[in-house]
Amino acid sequence: MRSRPVLIAAAASGALAVLMIVLLVLPKMSEVSKAREELQAAQDEEITLQSQLRSLQDAQAQAEQTQKEIQALEAKVPPTADLPGLFRLLQAAADRAGVDFFQFSPGTPTADPSGTFSVITGQIVVTGNYFMLQEFLYRLESLPRAAKVTSVSIAPGGGGETGGTTLATNQLQMQLNVEFYTTDASAGPGSIPGPSGATTTGA
């Protein structure tokens, strides 16, 4: 008869132990697991922040060089059409090449289909001997502003006059179709920062 109370007591102790596990141990285990997850998340975030910090430090170290590259790019593809400035660059190239005649006829800037920049097509006419024309092409290629020559034609000057300038019989006349660019995607009449109409300038 004594074994029955003992069994009951043992069962009660077992039930109490299970209850203690359910009420005390399992919640603690859950808290430990959650704490581990939070720790891992914090460690991952720390790694990410360290990577971002290194990137920012690298960017800061390269800021001066990056600024120079941006300025060089803006010079090659300026934010406005700036046709007067473009003409001055071409006139200076013609003067240094020593050509006898120079004329630049720019067209109206038109937006590229991509919508990110505008194209300024133009025609350049220069007259001089072979070496003058070669030097002008070199100067054109070396302009601080980006230029793309789409076609070139050269013909004998043949003497006479061109644009009021007397030509020698041994001279050549070169005609270039050229493209220039601006990041002003709305360039042209009525654009912002301003319109740039087609003009013809010569020397």
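Structural data are supplied above this passage.
Residues numbered from 1 in each chain as written. Predicted model: local features only at pLDDT ≥ 70, side-chain atom pairs only at ≥ 80, totals over all residues. Heavy atoms only, no water.

Caption draft 1: Molecular detail of the overall build of the chain. In terms of regular secondary structure, the chain is built from four helices and eight strands. Moving toward the C terminus, one meets the helices and strands of the chain in the order α-α-α-β-β-β-α-β-β-β-β-β. Put simply, 70% of the contacts in the chain that link residues at least 6 apart link residues at least 24 apart. As presented, the chain carries roughly 13,300 Å² of accessible surface, and 59% of it is formed by carbon and sulfur atoms. (Helix = DSSP H or I, 4+ residues; strand = E, 2+ residues; numbered from the N terminus. Contact = heavy atoms within 4.5 Å. Areas by Shrake-Rupley, 256 points an atom, 1.4 Å probe, with all protein chains shown as cover.)

Caption draft 2: Looking closely at a nonpolar patch on the surface. The grouping of V149, V152 and I154 at the surface amounts to a nonpolar patch, some 240 Å² of accessible area in total. Tracing the sequence through the fold places I154 in strand β4 (residues 147–156). (Patch = residues over 30% accessible without salt bridge, like charges linked within 9 Å, V, L, I, M, F, W, Y side chains within 5 Å. Salt bridge = Lys/Arg side-chain N within 4 Å of Asp/Glu carboxyl O.)

Caption draft 3: Summary view of unusual backbone geometry. For D82, which is not glycine, the phi dihedral falls at a positive 45°. Within the secondary structure, D82 is located in the loop between α2 (63–76) and α3 (83–97).

Caption draft 4: Main features of the pattern of salt bridges. All told, the structure shown has one salt bridge when counted by the stated rule. Ionic pairing is found between E135 and R139, a salt bridge with its closest N-O pair at 2.9 Å. Linking E135 with R139, this pair stays in helix α4 (residues 130–141), spanning four residues, or about one helical turn. Residue classification places E135 among the partly exposed residues on the basis of a relative accessible area of 28%. Using a relative accessible area of 28% as the deciding quantity, one classes R139 as partly exposed. (Buried < 20%, exposed > 50% of the residue type's maximum accessible area, 1.4 Å probe, protein only.)

Caption draft 5: Local environment of α3. Counted at 1.5 Å a residue, the expected span for α3 with its 15 residues is 21 Å, and the 21 Å between its end C-alpha atoms agrees. Here α3 starts with a cap whose side-chain oxygen sits 3.1 Å from the backbone nitrogen of G85, and that cap is D82. (Expected span 1.5 Å × (residues − 1). Polar contact = N/O pair within 3.5 Å; in protein donor to acceptor, adjacent residues only side chain to side chain.)

Caption draft 6: Geometry of the pairing of strand β1 (residues 101–106). Extensive coverage of β1 is indicated by the burial of five of its six residues. Relative to strand β3 (residues 118–128), β1 runs antiparallel, the two being bridged by six bridges. Looking across to β3, one finds that F104 is bridged to I124. (Pairing = 2+ DSSP bridges.)

Caption draft 7: Quick look at the nonpolar core. Counting residues in each nonpolar core, the largest one holds 23 residues, and the members touching the most others are L90, F102, I124 and F136. Among the secondary structure elements, those contributing two or more residues to this core are α3, β1, β3, α4 and β7 (172–182). (Core = buried A, V, L, I, M, F, W, Y, C linked by side-chain atoms within 4.5 Å.)

Caption draft 8: Up close: the packing of α3 against α4. Relative to each other, α3 and α4 sit at 145°, their axes nearing to 8 Å. α3 and α4 meet at a crossing whose hand is right-handed. Here α3 contributes L90, A93, A94, R96 and A97 to the contact with α4, which in turn contributes M132, E135, F136, R139 and L140. Along the lines of polarity and charge, the residues of the contact of α3 with α4 split into seven nonpolar, no polar and three charged. (Axes fitted to C-alpha atoms, helices over the stretch in contact; angles between N-to-C directions. Left-handed = near helix turned anticlockwise from the far one by under 90°. Nonpolar A, V, L, I, M, F, W, Y, C, P; charged D, E, K, R; others polar.)

Caption draft 9: Spatial organisation of the packing of aromatic side chains. Applying the stated criterion to the full structure yields five aromatic pairs. On the basis of an interplanar angle of 75° and a centroid distance of 6.0 Å, the ring pair of F117 and Y181 is categorised as edge-to-face. Residue F117 is found in the loop between β2 (110–111) and β3, and its partner Y181 is found in strand β7; the two are separated by 64 residues along the sequence. What makes Y181 buried here is its relative accessible area of 16%. Within the aromatic cluster, the residues linked to one another by ring pairs are F87, F102 and F136. (Phe/Tyr/Trp six-rings, centres within 6.5 Å; stacked < 30°, edge-to-face > 60°.)

Caption draft 10: Broad picture of the environment of D95. Structurally, D95 can be placed in helix α3. Between the C-alpha atom of D95 and that of F136, which follows or precedes it by 41 residues, the distance is 8.8 Å.

Caption draft 11: Molecular detail of the side chain of S118. If you trace the backbone, S118 turns up in strand β3. At 2.6 Å, the side chain of S118 forms a polar contact with the backbone oxygen of D184.

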